[in-house]
Amino acid sequence: RFDGKTFKNYTTKDGLTSYQISSIHEDNKGQLWFKSLQWDNSRLFTFNGRKFTPLDSMRVFGTGSIYFHRDQTEPLWVENNRQQVDMIHPNSRFTLLNSAQLKDNYIYDVWIADSANAYLATQLGLLRYQNGTYTNLSKQVRNTMQVYQIVRYKDAWWLQTDEGIWQFNGKRFDNTLLPPELQKNITQVMLPDNSGNLWFGTVMGLYRYDGDCFKRFTTADGMITNRIANMMADAQNNLWIISENGLIVRKD
């Protein structure tokens, strides 16, 4: 722990059962959660500022760093007594009933409508969760479709999938208004900005949708590469773009 001046090292003498810590999470009450890395299973601990408390009644749900939230913060998913799955997150907490729909599945992203309803972007498709019931919505388009990210924009959900970008209005899927390139699996990340635009970082350049039309930016417009890995927007609405050739900043 670094407090701005000094470092303090916590070990098994302070209550940890493992020296290997794989990730740190903060919940919406400011409590810290630690996940230890062990060959047989990952153990969970909480820290209240004074001591560590093991949570042996809970276990990590899923494997690997495969979960993230629409604000790009990775939450911690835990299985509570095998009956429910809890999302531990700095801004919200969400509970799912455990189900066969979640077995051998990955949750990539979640859009929370309220305390009992959500859309889940998963390896097996777009799942709608309503009061404990799961419905795989993407099967109306493809029998199998991986959905990686969900963005709410212009009264529709925009989905980044292995079948390209799709719009979902709550009833049906559509991609007819998209450029042909975005109908393919080239998009790495979607990002809405504070000016009402939706950006697409792809392996073929940067795309901007202003609600009416799409515009593409490439190396011909001054970018150092067309292959974009990730993006974020700062408080001044500047785009920070992570690429294979370094960092790109696009000023608003």
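None of these values were measured; they are calculated from a predicted model. For every chain, the first residue of its written sequence is number 1, and the numbers climb from 1 along that sequence. Given that this is a predicted model, residues contribute local features only at a pLDDT of at least 70 and side-chain atom pairs are listed and counted only at 80 or more, while totals for whole chains, interfaces and linings are drawn from all residues. Where side-chain values are given, they derive from all heavy atoms of the structure, hydrogens and water being excluded.

Draft legend 1. The overall build of the protein, seen in detail. Where helices and strands are cited, they refer to DSSP runs of H or I of at least four residues and of E of at least two residues respectively, numbered from the N terminus. The helix and strand inventory of the protein stands at zero helices and 23 strands. Projected onto its principal axes, the C-alpha positions of the protein cover 60 × 45 × 30 Å. Across the 252 residues in the protein, those meeting the buried criterion constitute 44%. Only the protein chains shown count as covering a residue, and every accessible area follows the Shrake-Rupley method with a 1.4 Å probe. Carbon and sulfur atoms provide 46% of the accessible area of the protein, an area that totals close to 13,700 Å². A residue counts as positive if it is Lys or Arg and as negative if it is Asp or Glu; His and the chain ends are not included. Here the site of a charge means atom NZ of a Lys, CZ of an Arg, CG of an Asp or CD of a Glu. In the protein, 28 side chains carry a positive charge and 25 a negative one; their mean positions are 3 Å apart. Per-residue accessibility, obtained with a 1.4 Å probe over protein chains only, is compared with the maximum for each type, and a residue is labelled buried under 20%, exposed over 50%, and partly exposed between these values.

Draft legend 2. Inspection of the side chain of Thr122 at higher detail. Structurally, Thr122 is set in strand β10 (residues 117–122). A distance of 3.2 Å separates a polar atom in the side chain of Thr122 from a polar atom in the side chain of Asn105. Ignoring any residue separated from it by four or fewer positions in sequence, one finds Thr122 in contact with Asn105, Tyr106, Ile107, Tyr108, Leu127, Met145, Gln146 and Val147. Polar contacts here mean pairs of N or O atoms no more than 3.5 Å apart (in protein, one a potential hydrogen donor and the other a potential acceptor; neighbouring residues in sequence count only if both atoms are side-chain atoms). The contact criterion used throughout is that any non-hydrogen atoms of two residues lie within 4.5 Å.

Draft legend 3. Representation of the environment of Asp109 within the structure. Looking at where Asp109 falls in the secondary structure, it is placed in strand β9 (residues 107–114). Once the C-alpha coordinates of Asp109 and Tyr129 are considered, the two residues, 20 residues apart in sequence, prove to be 13 Å apart.

Draft legend 4. Examining the sheet that holds β10 more closely. A sheet is described by the order of its strands in space; here four strands give the open sequence β9-β10-β11-β12, paired in antiparallel fashion. The open sheet has two edge strands, β9 and β12 (133–136), and neither has a second partner. The mean inter-strand angle of the sheet, taken between neighbouring strand axes irrespective of direction, is 20°. A strand pair is defined by DSSP finding two or more bridges across the two strands. Note: β10 against strand β11 (residues 125–130), six bridges, orientation antiparallel. To obtain an axis, a line is fitted to C-alpha atoms, over the contacting stretch when the element is a helix, and the angle between two such axes runs from 0 to 180 degrees between their N-to-C directions.

Draft legend 5. The pattern of salt bridges, seen in detail. The rule for a salt bridge is simple: a side-chain nitrogen of Lys or Arg has to be within 4 Å of a carboxyl oxygen of Asp or Glu. Taken as a whole and judged by the stated rule, the model has four salt bridges. Between Glu79 and Arg59 there is a salt bridge; the shortest N-O distance is 2.6 Å. Highlighted residues: Glu79 in strand β6 (residues 76–80) and Arg59 in strand β5 (residues 58–60), separated in sequence by 20 residues. By relative accessible area, Glu79 is classed as buried at 8%. According to the relative accessible area criterion, Arg59 is partly exposed, its value standing at 39%.

Draft legend 6. A look at the pairing of strand β23 (residues 246–250). With five bridges joining them, strand β22 (residues 239–243) and β23 adopt antiparallel strand pairing. In the sheet register, Trp240 faces β23, and the bridge partner there is Val249. The hairpin turn running from β22 into β23, its antiparallel successor, is two residues long.

Draft legend 7. Local environment of the packing of aromatic side chains. Each aromatic pair joins two rings of Phe, Tyr and Trp (for Trp, the six-membered one) with centres within 6.5 Å, and gets the label stacked for planes under 30 degrees apart, edge-to-face for over 60, and tilted for any other angle. Evaluated as defined, the whole model comprises 20 aromatic pairs. An angle of 70° between the planes, with centres 5.2 Å apart, marks the rings of Tyr108 and Tyr148 as edge-to-face. With Tyr108 in strand β9 and Tyr148 in strand β13 (residues 147–153), this pair connects stretches of sequence that are 40 residues apart. Exposure remark for Tyr148: the relative accessible area of 22% places this residue in the partly exposed category. Ring geometry for Trp158 against Phe200: centres 5.9 Å apart, planes inclined by 50°, an arrangement best described as tilted. Of this pair, Trp158 sits in strand β14 (residues 156–161) while Phe200 is found in strand β18 (residues 198–202), placing the two residues 42 residues apart along the sequence. Taking relative accessible area as the criterion, Phe200 reaches 0% and is therefore assigned buried. What links up through ring pairs into an aromatic cluster is the set Tyr153, Trp158, Phe200, Tyr209 and Phe214. Against the face of Trp157 rests Arg152, its NZ or CZ located 3.9 Å from the ring centre. Counting as a charge over the ring demands two things of the Lys NZ or Arg CZ atom: a distance within 6 Å of the ring centre and an angle within 35 degrees of the ring normal.

Draft legend 8. Representation of the pairing of β11. Hairpin geometry of β10 and β11 is characterised by an intervening segment of two residues between the two adjacent antiparallel strands. In this sheet, β12 lies alongside β11 in antiparallel orientation, the contact comprising four bridges. Note that in β12 the partner of Arg128 across the bridge is Thr135.

Draft legend 9. Highlighting the nonpolar core. Grouped together as the largest cluster of nonpolar side chains are 15 residues, with contacts concentrated most on Trp77, Phe94, Leu96, Leu102, Val110, Leu120 and Tyr134. Secondary-structure elements contributing two or more residues to this core are β7 (84–88), β8 (93–97), β9, β10 and β11. The biggest single contributor to this core is β9, with three residues. In this description, a nonpolar core means a group of buried Ala, Val, Leu, Ile, Met, Phe, Trp, Tyr and Cys residues linked to one another through side-chain atoms lying within 4.5 Å. Membership of the second largest hydrophobic core comes to 14 residues, among which are Tyr119, Ala121, Val141 and Phe168.

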